[in-house]
Amino acid sequence: MMGIYPSYYEVNGEKKQIIGTQFETTFARQAFPCVDEPEAKATFDLALKFDEHEGETVLANMPEKKVEDGVHYFDTTVKMSTYLVAFAFGELQGKQTTTKSGVQVGVFGTKAHKANELDFALDIAKRSIEFYEDFYQTPYPLPHSWQLALPDFSAGAMENWGLVTYREAYLLLDPDNTALDMKQLVATVISHELAHQWFGDLVTMKWWDDLWLNESFANMMEYVAIDALEPDWHIWEMFQTSDVPAALQRDATDGVQSVHVSVEDPAEIELCLIARSFTLRVRGCWSWCGH
Ligand SMILES: [Zn+2]
């Protein structure tokens, strides 16, 4: 589940696959030659050709500009790090809306889900972007913000700029048959990833040893945003009962890594990411080895 990889699922007993990407931390280099370091920002002109079937959807960081001889061409990205480049294609369903400022917001998933399972995420994503534009006093920098649920996904979610990918259980839910704590978890995962669209994506750490700047701030902003969107949830109480004890417990571990650690090898970057996913894991339904 790194680089360009297939996700497998079934619809009405028929086996299917969609293709997605996971480039954080150093897997963009598996997809195309690049200086694959966060500080080495560049613009990207993505062109995709694949064994395409009728009715398939193609998504990327930027909107599609044209299709010529079966090649999908996308608009030039803004300057960005390689680890945030993303694309996906396959038989997808999607729902879209527009923020007050004109950002296209969409939620996508396989057709193995009921259409109304996309609604909750679409509402939270739209309102999160509106909240952050106001809170940061900085417009969302891209024309669209797609949220895509992938059947096979090793982390919780990934903040690719304009094309955030999620574990299905952290994006899609049946609005009428889901407990409040699960809705709260999904909402905070979405607001966490969308917080990254500004810091992390727009403003990026020079090197992986400062990944904590991305993650600690996003872990806080997910609560700031959801508290503003759903004040009746009293979401800071969840912060007190889950995130705070989890952080204290981790800090009490003998030999725990410090916040800032030097990173020399790609394998060491993975350790930072495992530390960041700790919050999600203690809140339940988390298994690091994927599913
Ligand atoms: Zn994060």
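Position numbers for residues start from 1 in each chain and track the written sequence from start to end. Selection of residues for local features in this predicted model requires a pLDDT of at least 70, selection of side-chain atom pairs for listing and counting requires 80 or more, and totals for whole chains, interfaces and linings are taken over all residues. Here the side-chain values reflect all heavy atoms present in the structure, with hydrogen atoms and water set aside.

**Observations regarding the coordination of the zinc ion**
Note on donors: an N, O or S atom is included if it sits within 2.8 Å of the metal, or within 3.2 Å for Na, K and Ca, and water is never included, so sites can look incomplete. Every protein donor of the zinc ion is accounted for by His-192 (NE2), His-196 (NE2) and Glu-215 (OE), and the metal-donor separations fall at 2.0 to 2.1 Å. All donor residues of the zinc ion come from one chain, and their arrangement in sequence is H-x3-H-x18-E.

**Topic: the pattern of salt bridges**
We define a salt bridge as a contact between a side-chain nitrogen of Lys or Arg and a carboxyl oxygen of Asp or Glu at a distance within 4 Å. Counted under the stated rule, the structure contains nine salt bridges. Note that Glu-14 and Lys-16 form a salt bridge whose closest N and O atoms lie 3.7 Å from each other. In this scheme, a residue with accessible area under 20% of its type's maximum is buried, one over 50% is exposed, and one in between is partly exposed, where area comes from a 1.4 Å probe on protein chains only. Lys-16 gets classed as buried once you look at its relative accessible area, which sits at 17%. Lys-66 is the partner of Glu-68 in a salt bridge, and the nearest nitrogen-oxygen pair spans 3.6 Å. Overall, the relative accessible area of 40% leaves Glu-68 in the partly exposed class. Accessibility expressed as a relative area gives 35% for Lys-66, which makes it partly exposed.

**Things to note about the packing of aromatic side chains**
A pair of aromatic rings is counted whenever rings of Phe, Tyr or Trp (Trp by its six-membered ring) have centres within 6.5 Å, and the orientation is called stacked for planes under 30 degrees apart, edge-to-face for over 60 and tilted otherwise. Evaluation of the coordinates by the stated rule reveals 18 aromatic pairs. When the centroid spacing of 5.2 Å and the interplanar angle of 5 degrees are considered together, the rings of Tyr-132 and Tyr-136 count as stacked. Of this pair, Tyr-132 and Tyr-136 both sit in helix H2 (residues 119-136), four residues apart, roughly one helical turn. Taken as a pair, Tyr-132 and Tyr-136 share a single burial class, namely buried. Three or more aromatic residues joined by ring pairs make a cluster, and in this case those are Phe-131, Tyr-132, Phe-135, Tyr-136, Tyr-140, Trp-198, Phe-199 and Phe-217. Its end group placed over the ring of Tyr-73, Lys-66 keeps NZ or CZ at 4.9 Å from the ring centre. Helix and strand assignments come from DSSP, with helices taken as H or I runs of at least 4 residues and strands as E runs of at least 2, each series counted from the N terminus. Whether a charge lies above a ring is judged from NZ of Lys or CZ of Arg, which has to be within 6 Å of the ring centre and within 35 degrees of the ring normal.

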